[in-house]
Amino acid sequence: MNDVPSPLLTIDQVVHLLEGALGDIGAWGGGVGGALGGGLAGRAGGTSGGRIGARFGTRHLTKLDGEQRTLQVPRTEQNVRVVRDKFFEGRAQERTGNPAGGEPGPIEMVGVVGSGTARMNPCVIQLVWFDQQVHVTAHAREGLIKQRTCSKALRALTESLESAR
């Protein structure tokens with residue numbers, strides 16, 4: 001199993017998000033193929049079969065991979081907006097910690113992003129953003145041929161932040 005800890009979610013929650021995202025991709029592909037071969041009925045069957053097949057394959061034919069990085073990036077309004085809107089495309093869950101009514105704590109963001117070719121490899125990204133640095137954890141499912149999904153997602157995050165400068 002994966003040896004990279006999950007800072008905000010449990011590993012079971014990470015696995016569930018990845019299974020759902022890969023199931024959605026399988027459903028899309030099955031629906032397209034089914035529609036081409038059998039019209040609307042084929043699309044419905046293909047969508048269902050594609051989702052079930054992708055989830056089965058995810059559980060039994062892949063393993064959880066993870067990677068962590070700490071980036072020296074100040075938590076400015078512009079940087080946060082780039083990560084929220086450009087990298088996560090507005091689909092991250094976000095909260096700001098506030099310990100006992102004191103100064104605002106770190107910003108925490110969790111989301112699933114597409115990585116790799118055609119952004120077809122889902123990756124769960126969790127980040128904890130302090131004043132001057134962000135701690136990022138990426139988890140993905142990898143099959144027999146490793147796609148380096150986590151590394152590519154973290155590289156895309158770094159590139160997004162560099163574009164904000």
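Just so it is clear, the structure is predicted and the values come from calculations on it, not from any experiment. (Residues numbered from 1 in each chain as written. Predicted model: local features only at pLDDT ≥ 70, side-chain atom pairs only at ≥ 80, totals over all residues. Heavy atoms only, no water.)

Caption draft 1: Fine view of the overall build of the chain. When its secondary structure is counted, the chain shows three helices and five strands. Each helix and strand of the chain, ordered N terminal to C terminal, gives the series α-β-α-β-β-β-β-α. With the C-alpha coordinates of the chain rotated into their principal frame, the extents come out at 60 × 30 × 30 Å. Residues counted as buried form 40% of the 165 residues belonging to the chain. Across the chain, the fraction of contacts at a sequence separation of at least 24, relative to all contacts at a separation of at least 6, is 63%. If you sum the accessible surface of the chain, you get close to 9,200 Å²; carbon and sulfur atoms cover 54% of it. Looking at the chain, you have 19 positive and 16 negative side-chain charges, and the mean spots of the two groups are 6 Å apart. (Helix = DSSP H or I, 4+ residues; strand = E, 2+ residues; numbered from the N terminus. Buried < 20%, exposed > 50% of the residue type's maximum accessible area, 1.4 Å probe, protein only. Contact = heavy atoms within 4.5 Å. Areas by Shrake-Rupley, 256 points an atom, 1.4 Å probe, with all protein chains shown as cover. Lys, Arg positive; Asp, Glu negative; His and termini not counted. Charge placed at Lys NZ, Arg CZ, Asp CG, Glu CD.)

Caption draft 2: Expanded view of helix H2 (residues 77–87). Regarding H2, the residues found buried are Asn-79, Val-80, Val-82, Val-83 and Phe-87. When H2 is viewed along its axis, its buried side chains cluster within an angular range of 160° and face the same direction. Of the surrounding elements, those touching the buried residues of H2 are strand S2 (93–96), strand S3 (107–115), strand S4 (121–129) and helix H3 (149–163). Of the residues trailing H2, Glu-89 is marked for its positive phi of about 55°. (Arc of directions from axis to C-beta.)

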